[in-house]
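# Residue-level structure breakdown
Letter by letter, the chains look like this.
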Amino acid sequence: MAILNLLRIAFLALQRNKLRAFLTMLGIIIGVASVIAMMAIGEGSKQSIRSSLSGMGSNMITIMPQSNEPGGVRLQGSSIQTLKMEDITAIQKLQSENINGLSPVVSTSGQAIKGAYNWPTTITGVSTDYLNIRQLKLKDGILFSERDVKSFAKVCVLGQTVIDNLFPDGSNPIGQIIRFKSIPFQVIGVLEAKGQSNFGQDQDDIVLAPYTTVQKRITATNYLQSIYASATTEASSDAATVEITRAVRESHRLTAAESDDFQVRTQAELINTISATSSMLTVLLTVIAGISLFIGGIGIMNIMYVSVTERTREIGLRMSIGARGQDVLMQFLIEAILISITGGVIGVVLGITSAYLVSFLLNWPIMISESSIIISFIVCAITGIFFGYYPAKKASNLDPIDALRYE
Amino acid sequence: MEQKILDIRDLKREFVMGDQTVRALKGITFDIKAGEFVTIMGSSGSGKTTLLNILGCLDKPTEGSYLLDGVDVKSLNRDELAGLRNTKIGFVFQAYNLLPRTSALENVELPLFYNKTISADERHKRAIKSLESVKLAERFDHTPSQLSGGQQQRVAIARALVNHPVMILADEATGNLDTRTSYEIMALMQELNAEGKTIVFVTHEPDIASFSTRTIMLRDGKIQKDSINTNQRSAKEALANLPESDDY
């Protein structure tokens, strides 16, 4: 009841000065609108970077060999021969819920030849899980089966770049025979084009074959260049990393004193690194917008001070007819909060509108988060209280006798 | 049985200005009974304003006692004084002190906003009744700038009445008005007094004082004279006797 009265008093007081109330609000409106628009644009670009990165398989975990000998000549990871099929078996034995795909990777580069055409590319020996791990899709044909893997079948799946170069006449590659390092492979599938990766690598320059075939028939090795795994979800990739590390250490019979002779990397780490950059940008934009909100708050304080001085007689009158200091304090505080919250509401609407306008006119990705709305709203209310308090306190401390006679 | 509204005993008020003490009131004793119409007179510097502030519970005495409707004012804190002003005193000021750009009705409602026991509905009803009693029933929605000085002062009187105070305290309420309008206001005051309202009217015009039932003269912080008006003038008659030329 009392608070309702005070609200009404404050509302009536604001109504008497509509234009000034609006001009005071303007600072808050612009501040809130820019905070929301900036956060929407920042979040939007972050989301778009994330989604293009997760196109590479955001749950992907890579296990690479690494020397654990601090002395001697350090070798490049790919020439270290510590990863074996036994490691894969060890990880499979975990039957972990956090891991839903596992594939060895054996690759070697060479010339692919079809009739008169040839193309330098890389053949990658993998297992049947590989497509899921890398989020690759078949456009045509099929992927080799477990049986093909067991029987070292000479079958392969081609990426679009390889097809463009080996079949420039546009004929259907399925069923055709190509040769890689003079070994004939039958083409059984074609991958959907993926375009360049974020790092400018052509993701379509790829030939996939069963890893057994590559190991036995081309490289004549029994070690793996790397192992790809995929975590069930992005969140479980940390747990999966821990489990994989433990399994591989066991399989390598490493004692507690020895450091890892391999390294486990998650794609999530990479995504986090990159989105951290874009987060920083968002924070920067938001801080700048926040400064304008702060200035809006100072505007409120300024106007409230002027208002208190200008309305000294009114304050004196209110006190003489029974307003307590607290009532006057609340009146001016509520006026300030009303200004800032009304400004906040208008600012939120304006911010959302301008964010959509930006996405519509400039085609920028935007993402309006509820948190940005809630945060700017809370900041508004706090601004109102913070910048309204001192003028209100000043008003409430006036002596009614002096205030009544104020000229 | 007449009830004492005001009971003042040996009231003193001193102000400390730097290293010297100004004694504005030097021991004043009087009481005012319900239904009296008292004017407090005195030249400037006589302590009139200081006494008014204390009577209006805006200020507290340095020494002596002041009972307002049985409540000892000296023992109250700032907020309790505000509550007392809200329920027991109706102020009428020289400069009207109405809120600008606010309707007459809302101006009259104002004191009731600070009285938590009164509902919005009752606040509205009382304000209308109060405006009717000062004969401004048709001007509810007029803002002060749309009203004449006399009408503004009547809105202020309606505002003073709305809380059913035990005493109306007027501070030079006719000071800004011409003779005719002053008489109109005094006629209204006399009417309210006839209805039983206690009125304390601070003025420096002997002309105005002659409409009251009792006059207290202050001089140098002391009561110089406290006399019952044996021949109280009627403001209505005085109004009728004003020369026509005033009214063009």
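One can find the structure itself at the top, above this paragraph.
Let me sum up the structure you'll find in this document. (Residues numbered from 1 in each chain as written. Chains lettered and ligands numbered in written order. Predicted model: local features only at pLDDT ≥ 70, side-chain atom pairs only at ≥ 80, totals over all residues.)

### Things to note about the environment of asparagine 229 of chain B
Residue and element names in this part refer to chain B. Examined against the element boundaries, asparagine 229 turns out to sit in the loop between β10 (222–228) and α8 (235–241). Classification of asparagine 229 as partly exposed rests on a count of 16 C-beta atoms within 10 Å. As for asparagine 229 and threonine 215, which are separated by 14 residues in sequence, their C-alpha atoms are 6.9 Å apart. (Helix = DSSP H or I, 4+ residues; strand = E, 2+ residues; numbered from the N terminus. Buried ≥ 20, exposed ≤ 12 C-beta atoms within 10 Å, placed from the backbone.)

### With respect to the pairing of strand β5 (residues 155–158) of chain A
Residue and element names in this part refer to chain A. In β5, alternate side chains face the same way, and those of Val155 and Val157 on one face and Cys156 and Leu158 on the other are all buried. Where β5 lies against strand β7 (residues 183–191), four bridges are found, and the strand directions are parallel. When the sheet's bridge partners are listed, valine 155 is paired in β7 with glutamine 186. In this sheet, strand β8 (residues 207–210) lies alongside β5 in antiparallel orientation, the contact comprising two bridges. In the sheet register, leucine 158 faces β8, and the bridge partner there is valine 207. (Pairing = 2+ DSSP bridges.)

### Quick notes on the environment of proline 173 of chain A
Here proline 173 of chain A shows up in the loop between α6 (160–166) and β6 (177–180). Once residues within four sequence positions are removed from consideration, proline 173 of chain A is found in contact with Leu158, Ile163, Phe167, Val187 and Val190 of chain A. (Contact = placed C-beta atoms within 7 Å.)

### Things to note about helix α4 (residues 120–133) of chain B
Owing to its 3.6 residues per turn, the α-helix aligns residues three or four sequence positions apart on the same side. All names here are of chain B. The end-to-end C-alpha distance of α4, which contains 14 residues, comes to 20 Å, matching closely the 20 Å that a straight helix rising 1.5 Å per residue would cover. Every buried residue belonging to α4 is among Arg126, Ala127, Ser130 and Leu131, and all of these are buried. Seen from one end, α4 has its buried residues packed into an arc of 135°, which puts them on one side. Across from the buried face of α4, at angles greater than 90 degrees, the exposed residues are Asp121, Glu122 and Lys125. Buried-residue contacts for α4 involve α3 (104–113) and α5 (149–161). Positive phi shows up at lysine 135, right after α4, with a value of about 60°. (Expected span 1.5 Å × (residues − 1). Arc of directions from axis to C-beta.)

### Some details on the nonpolar core
Counting 120 residues, the largest nonpolar core has Val32, Ile36, Phe332 and Ala336 of chain A together with Val92, Ala158 and Val200 of chain B as the members making the most contacts within it. With residues up to four places along the chain from it excluded, the contact list for alanine 158 of chain B reads Val108, Ser130, Leu131, Ser133, Val134 and Leu136 of chain B. By size, the runner-up hydrophobic cluster in this structure holds 48 residues, among which are Met60, Ile88, Leu102 and Ala209 of chain A. (Core = buried A, V, L, I, M, F, W, Y, C linked by C-beta atoms within 7 Å.)

### Examining the interface of chain B and chain A
Taken together, the 23 residues of chain B in the interface contact 19 residues of chain A. If you list the elements that add at least two residues to the side of chain B that touches chain A, you get α2 (78–88) and α3 of chain B. Here the side of chain B that touches chain A gets six residues from one element, more than from any other, and that element is α2 of chain B. Of the residues belonging to the side of chain B that touches chain A, the class tally is nine nonpolar, seven polar and seven charged. (Nonpolar A, V, L, I, M, F, W, Y, C, P; charged D, E, K, R; others polar.)

### Focus: the packing of α3 of chain B against α4 of chain B
Residue and element names in this part refer to chain B. Contact geometry of α3 with α4 gives a least axis separation of 9 Å together with a crossing angle of 120°. For the element pair α3 / α4, the angle class is oblique. In the packing of α3 onto α4, the handedness of the crossing is right-handed. Only Arg123, Arg126, Ala127, Ser130 and Leu131 of α4 make contact with α3, whose side of the interface consists of Ala104, Leu105, Val108, Glu109 and Leu112. Taken together, the residues that form the contact of α3 with α4 break down as six nonpolar, one polar and three charged. (Axes fitted to C-alpha atoms, helices over the stretch in contact; angles between N-to-C directions. Parallel < 35°, antiparallel > 145°, perpendicular 65-115°, else oblique. Left-handed = near helix turned anticlockwise from the far one by under 90°.)

### A closer look at the sheet that holds strand β6 (residues 89–92) of chain B
Residue and element names in this part refer to chain B. With mixed pairing, the six strands of this open sheet are ordered in space as β6-β7-β8-β3-β9-β10. Each edge of the open sheet carries a strand with a single partner, namely β6 and β10. Each strand of the sheet is rotated relative to its neighbour by a mean of 20°, with strand direction disregarded. Of the pairings in the sheet, the one linking strand β7 (residues 167–171) to strand β8 (residues 199–203) comprises four bridges and is parallel in character. Bridge pairing links alanine 170 to phenylalanine 201 in β8.

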